[in-house]
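Examining the three-dimensional arrangement
So the chains spell out like this:
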Amino acid sequence: MGTPHDDRHPTGTQDRLPPAVRVTVRTPERMRDLGRRLAALLGPGDLVLLNGELGAGKTTLTRGLGEGLGVRGAVTSPTFVIARVHPSLTGGPALVHVDAYRLGGGLDEMEDLDLDVSLPESVVVVEWGEGKVEELSEARLQVVIERTVGSAPDADDDARIVTVSGIGPRWAAVELSPLVP
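Rules of the game
- Residues numbered from 1 in each chain as written.
- Predicted model: local features only at pLDDT ≥ 70, side-chain atom pairs only at ≥ 80, totals over all residues.
- Heavy atoms only, no water.
- Phe/Tyr/Trp six-rings, centres within 6.5 Å; stacked < 30°, edge-to-face > 60°.
- Lys NZ or Arg CZ within 6 Å of the ring centre and 35° of its normal.
- Helix = DSSP H or I, 4+ residues; strand = E, 2+ residues; numbered from the N terminus.
- Expected span 1.5 Å × (residues − 1).
- Buried < 20%, exposed > 50% of the residue type's maximum accessible area, 1.4 Å probe, protein only.
- Arc of directions from axis to C-beta.
- Pairing = 2+ DSSP bridges.
- Axes fitted to C-alpha atoms, helices over the stretch in contact; angles between N-to-C directions.
- Contact = heavy atoms within 4.5 Å.
- Salt bridge = Lys/Arg side-chain N within 4 Å of Asp/Glu carboxyl O.

A word on the packing of aromatic side chains. A full pass over the atoms with the stated rule returns zero aromatic pairs. In this arrangement the basic side chain of R170 is found over the ring face of W171, its NZ or CZ atom lying 3.9 Å from the centre.

Glancing now at helix α1 (residues 28–39). Here α1 is twelve residues long and its end C-alpha atoms lie 17 Å apart, about the 16 Å a rise of 1.5 Å per residue gives. All buried positions along α1 are accounted for by M31, L34, G35, L38 and A39. Along the long axis of α1, the arc covered by the buried residues comes to 140°, so they all point the same way.

The subject of this paragraph is the sheet that holds strand β7 (residues 160–167). Pairing is mixed across the open sheet formed by seven strands, whose spatial order is β1-β7-β6-β2-β5-β4-β3. The open sheet terminates on both sides in strands that have one partner only, identified here as β1 (20–25) and β3 (83–86). Direction aside, the axes of adjacent strands within the sheet are offset by 15° on average. Of the strand pairs in this sheet, strand β6 (residues 140–147) and β7 are connected by eight bridges, and their pairing is antiparallel. Residue pairing across strands places I145 opposite V162, the latter belonging to β7. On top of the sheet, α1 reaches β1, β6 and β7; it is set at about 155° to β1, its chief contact.

Within the structure shown, the criterion is met by seven salt bridges. Note that R36 and D33 form a salt bridge whose closest N and O atoms lie 2.1 Å from each other. On the criterion of helical spacing, the pair formed by R36 and D33 is a turn pair, its members being three residues apart in helix α1. Three or more residues are tied together by salt bridges with common partners; here these are E29, R32, D33, R36 and E67.

As for its position among the elements, P169 is in the segment after β7. Owing to a relative accessible area of 56%, P169 belongs among the exposed residues under this scheme. Through-space distance from the C-alpha of P169 to that of E138 is 7.6 Å; in sequence the pair is 31 residues apart.

Let's shift gears to the pairing of strand β4 (residues 94–99). Among the six residues that make up β4, six are buried, leaving the element largely enclosed by the rest of the structure. With burial as the criterion, each face of β4 is covered, one bearing A94, V96 and V98 and the other bearing L95, H97 and D99. Pairing between β3 and β4: four bridges, direction antiparallel. In the strand pairing of β4, A83 is matched with V98. Here β4 runs beside strand β5 (residues 122–127); their pairing, made up of six bridges, is parallel.

Attention shifts here to helix α2 (residues 58–69). Taking 1.5 Å of rise per residue, the twelve residues of α2 would be expected to cover 16 Å, and the 16 Å separating its terminal C-alpha atoms lies within 8% of that figure. The buried count for α2 comes to nine of twelve residues, which makes it a mostly enclosed element. Taken together, the buried positions of α2 are K58, T59, T60, L61, T62, G64, L65, G66 and L69. In this structure, the buried side of α2 is in contact with α1, β2 (47–52), β4, β5 and β6.

Note that every value here comes from positions in space, so none of it alone points to a role or purpose.
Spelled out as structure tokens, the structure:
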């Protein structure tokens, strides 16, 4: 039997659950703030997968990441160009921002983007990347943005629940609590 602080799966296996935090975000500015806080945890070689429905705030979060990383250029949705590279203005890693929404295949279709070449010296953020780019790295941050629908008349229908999970050895000991305001 485990203790209340046991990190094992409920089945009792020794696999560690990935570290994760959940944050309620009520405005676009708060989403950007979350991106800036997330940027403080990132470094060269980090892969971030963003998932959520259209309009959930993936690009807004990435805009905050860009601000936090101190990169050049306006961070906008790369939907039609597939990928944008934002070089660092501060000597840190570049931000490679990818939108995989229109890409149907896995890494085969993404090979032309040379993400495997960019990853070691950059922070690579892939919107809609689930099931497409996980093979790029054994470690990644999985960010899921869900819209909440309030059932009470005074509930904030525009709020988002953002779940950030660290997957792989890089994130095993990283404390994600600084993401919570």
